[in-house]
Amino acid sequence: MTQIEFLNIVMPFKDKVFRLAKRLLVSREEAEDATQEVLLRLWNNKKKIQEYKNVEAFSMTMTKNFCFDKLKSKQAQNLKIVHSNYEDGNTPLQKQIELNDSVDWVSKIIEELPEQQKMIIQLRDIEEYDFDEIAKMLDMNNTAVRVNLSRARKTIREKLTNTHNYGVK
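Note that this is a predicted model, so its numbers are computed, not measured.

### Overview of the side chain of arginine 23
Point 1. Looking at the element boundaries, arginine 23 is found in helix H2 (residues 14-25).
Point 2. Glutamate 111 is the oppositely charged side chain nearest to the buried, salt-bridge-free arginine 23, at an N-O distance of 4.0 Å.

Here is the structure:
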């Protein structure tokens, strides 16, 4: 396999690998390192890539496992959440502050979810994978993925509603 063939296979989903790594590791630098490591491992095993039915799903599984290993190690002690998803020049400043605050709250709530729910939220709502792909990546059945996604969304909705309604009677 040539470098160009490898890039044609890997480039379409490298950003998804990064976003998953960032969701799990939180730090941008850690996520960049994880993405680079996963792509390097794919390159080193480029002869076996053709054997995999879905290289993207395989790389997402590799990313998940690598990030979990990284989190278990001592290297992941000082990670910080930073989000800047909402940047719109037409949005009034007050609304922009409220949106950024909501994004921060949702990020904090997602970080408090159990690992499995956190992964499913990331893969379904952010990466937009379908249920079959998520079930295959996480080695779960479809029903379990749907139940965990439902519970995660319910938890996020309840905690965010409680946050926004704080002090309102």
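Now that the structure has been shown, we can carry on.
### A few points about the nonpolar core
Point 1. Membership of the largest hydrophobic core comes to 40 residues, with the highest contact counts inside it found for Leu42 and Leu123.
Point 2. Where this core is concerned, the elements lending two or more residues are helix H1 (3-10), H2, helix H3 (28-44), helix H4 (55-72), helix H5 (93-112), helix H6 (115-126), helix H7 (131-138) and helix H8 (142-164).
Point 3. When residues of this core are sorted by domain, at least three fall in each of domain 1 (1-81) and domain 2 (91-169).
Point 4. Those residues in contact with leucine 123 that lie beyond four places of it in its chain are Leu20, Met60, Glu128, Tyr129, Ile134, Met137 and Leu138.

### Observations concerning the environment of asparagine 65
Point 1. Tracing the sequence through the fold places asparagine 65 in helix H4.
Point 2. With relative accessibility at 36%, the residue asparagine 65 sits in the partly exposed group.
Point 3. Put simply, asparagine 65 and alanine 21 are 44 residues apart on the chain and 10.0 Å apart in space, counted from C-alpha to C-alpha.

Cut-offs and rules
Residues numbered from 1 in each chain as written. Predicted model: local features only at pLDDT ≥ 70, side-chain atom pairs only at ≥ 80, totals over all residues. Heavy atoms only, no water. Helix = DSSP H or I, 4+ residues; strand = E, 2+ residues; numbered from the N terminus. Buried < 20%, exposed > 50% of the residue type's maximum accessible area, 1.4 Å probe, protein only. Lys, Arg positive; Asp, Glu negative; His and termini not counted. Salt bridge = Lys/Arg side-chain N within 4 Å of Asp/Glu carboxyl O. Core = buried A, V, L, I, M, F, W, Y, C linked by side-chain atoms within 4.5 Å. Domains from an automatic or database assignment. Contact = heavy atoms within 4.5 Å.

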